[in-house]
Amino acid sequence: MSSILKIENLSHRYSTSWAIRDINLEINHTGVIGLLGSNGAGKSTTMSIICGVLNQTEGQVWIHGKDTRKDSEAAKSNIGFLPQTPPLYNDFTVMEYLTYAAGLRQIESHRIGEAVSEAMERTGIAHFQSRLIGNLSGGYRQRVGIAQAIIHKPKLVVMDEPTNGLDPNQIIEARKLIKEIGKEHTVLLSSHILSEIHLLCKEIIMIEQGRIVFSDTMDAFNNYIQPGSLLLRMENPPSVAELLSVAGVTSVEYISEKQARVNFDGSQEVSERIIETGVRNGWRIREANLDKNLLDDIFKQISTQSAL
Ligand SMILES: Nc1ncnc2c1ncn2[C@@H]1O[C@H](COP(=O)(O)OP(=O)(O)OP(=O)(O)O)[C@@H](O)[C@H]1O
């Protein structure tokens, strides 16, 4: 039985500098797998090569046993891709666009109607099928992007920073949908937000300066990392007492008028609970990120350990 995704000695160089170096990876099961790295770490480069959008300088990628360069058609038939900016056409209705996407994916013409309906059902956009894409909110546009990525029922769905640019409500909804998609497909999802990977993934691959520095289960990761801290930027910040009332929050420090560092007990659900409480109570959260310094520490710690 072939792996769903196998990568061997993958490296890519843009003009003179290497963006990724000697990436090796094998995935054999469904579920959401997180590719975590800070900006410029090499996530998009890796994903673009996997999806056949970019030709690697060195190394090989197989999707369900098919080499993405030597047998690209067969490899691509098993991949769905949601790039950072989904290729949506604003003048198309949702139905027209997905019908077009199904054609591109070479779904037989008599099966297109059924494939489009199923993809719309699964992503919760059936009620917007006649809406112009240009008139949809960011969250629904993202759903259309996910629908085109799963329309041909690929084994592997690659999502590059899928919650980027969404508001907190839309992020919660998008994450629910991604979890659902992960029940039937292998989803490789990139993010620079550790708390997001924590919430969504059972496995984590960390990439830093173009190299994999950690690859294991989330449980193994948790054994030596407890993030325990979120930086929140809010338009309508609550009192310290209100933040402390969220179950699991241990301390709160305002570092500016609208920015608070919220420490919690390290359990995965607390950060989601903080955001949900914020949405419910109108804090107007604009950003909720793991403390950047903490993330840098984690990368440093893991890089040092993986170099030992
Ligand atoms: N088209 C390009 N030409 C030259 N260098 C590039 C190009 N695209 C990316 N790079 C460089 O390659 C490295 C990896 O970039 P990549 O976009 O893959 O990282 P990333 O982890 O996806 O970051 P981000 O989250 O910011 O997109 C970076 O140093 C980046 O500057």
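Whatever comes next refers back to the structure up there.
Bear in mind the structure is a predicted one, so any value in this text is a computation, not a measurement. (Residues numbered from 1 in each chain as written. Predicted model: local features only at pLDDT ≥ 70, side-chain atom pairs only at ≥ 80, totals over all residues.)

A short note on the sheet that holds strand 3 (residues 31–36)
Logical step 1: Across the sheet, 6 strands lie side by side as 6-7-8-3-9-10; this open sheet has mixed pairing. What marks the edges here is a single partner per strand, and that holds for strand 6 (79–82) and strand 10 (211–217). Neighbour-to-neighbour, the strand axes of this sheet turn through a mean angle of 15°, independent of strand direction.
Logical step 2: The pairing of strand 3 with strand 8 (residues 186–191) spans 6 bridges and is classified as parallel. When the bridges of strand 8 are listed, Ile33 appears paired with Leu188.
Logical step 3: The strands touched by helix 5 (residues 138–150) are strand 6 and strand 7 (156–160); relative to strand 6, the strand with the most contacts, the crossing angle is about 165°. (Pairing = 2+ DSSP bridges. Helix = DSSP H or I, 4+ residues; strand = E, 2+ residues; numbered from the N terminus. Axes fitted to C-alpha atoms, helices over the stretch in contact; angles between N-to-C directions. Contact = placed C-beta atoms within 7 Å.)

Thoughts on the site of the ligand
Logical step 1: The full set of residues close to the ligand is Tyr14, Ala19, Gly37, Asn39, Gly40, Ala41, Gly42, Lys43, Ser44, Thr45 and His192.
Logical step 2: The element contributing the most residues to the shell around the ligand is helix 1 (residues 43–50), with 3 residues.
Logical step 3: Here the residues of the shell around the ligand are counted per class, giving 3 nonpolar, 7 polar and 1 charged. (Near = placed C-beta within 6 Å. Nonpolar A, V, L, I, M, F, W, Y, C, P; charged D, E, K, R; others polar.)

Comments concerning the packing of helix 5 against helix 6 (residues 168–184)
Logical step 1: One way to put it is that helix 5 packs onto helix 6 with a least axis distance of 10 Å and a crossing angle of 15°. Judged on the interaxial angle alone, helix 6 and helix 5 are roughly parallel. The two elements helix 5 and helix 6 cross, and the hand of that crossing is right-handed. Judged by residue contacts, Gly138, Gly139, Gln142, Arg143, Ile146 and Ile150 of helix 5 engage Gln170, Glu173, Ala174, Leu177 and Ile181 from helix 6.
Logical step 2: Residue composition of the contact of helix 5 with helix 6, grouped by class: 5 nonpolar, 4 polar and 2 charged. (Parallel < 35°, antiparallel > 145°, perpendicular 65-115°, else oblique. Left-handed = near helix turned anticlockwise from the far one by under 90°.)

With respect to the nonpolar core
Logical step 1: Grouped together as the largest cluster of nonpolar side chains are 64 residues, with contacts concentrated most on Leu98, Ala147, Ile151, Val158 and Val187.
Logical step 2: Other than its neighbours up to four places away in sequence, Val187 contacts Val32, Ile33, Val157, Met159, Ile178, Ile181 and Gly182.
Logical step 3: Membership of the second largest hydrophobic core comes to 14 residues, among which are Leu232, Ala260, Val270 and Ile285. (Core = buried A, V, L, I, M, F, W, Y, C linked by C-beta atoms within 7 Å. Buried ≥ 20, exposed ≤ 12 C-beta atoms within 10 Å, placed from the backbone.)

Overview of helix 1
Logical step 1: For helix 1, a buried count of 7 out of 8 residues is recorded, marking the element as mostly surrounded by other parts of the structure.
Logical step 2: Within helix 1, burial applies to Lys43, Ser44, Thr45, Thr46, Met47, Ile49 and Ile50.
Logical step 3: Just beyond helix 1, the residue with positive phi is Gly52, at close to 80°.

Observations regarding unusual backbone geometry
Logical step 1: Unusually for a residue other than glycine, His64 sits at a positive phi of about 50°.
Logical step 2: Tracing the chain through its elements places His64 in the loop between strand 4 (58–63) and strand 5 (66–67).

These figures capture arrangement, not role.
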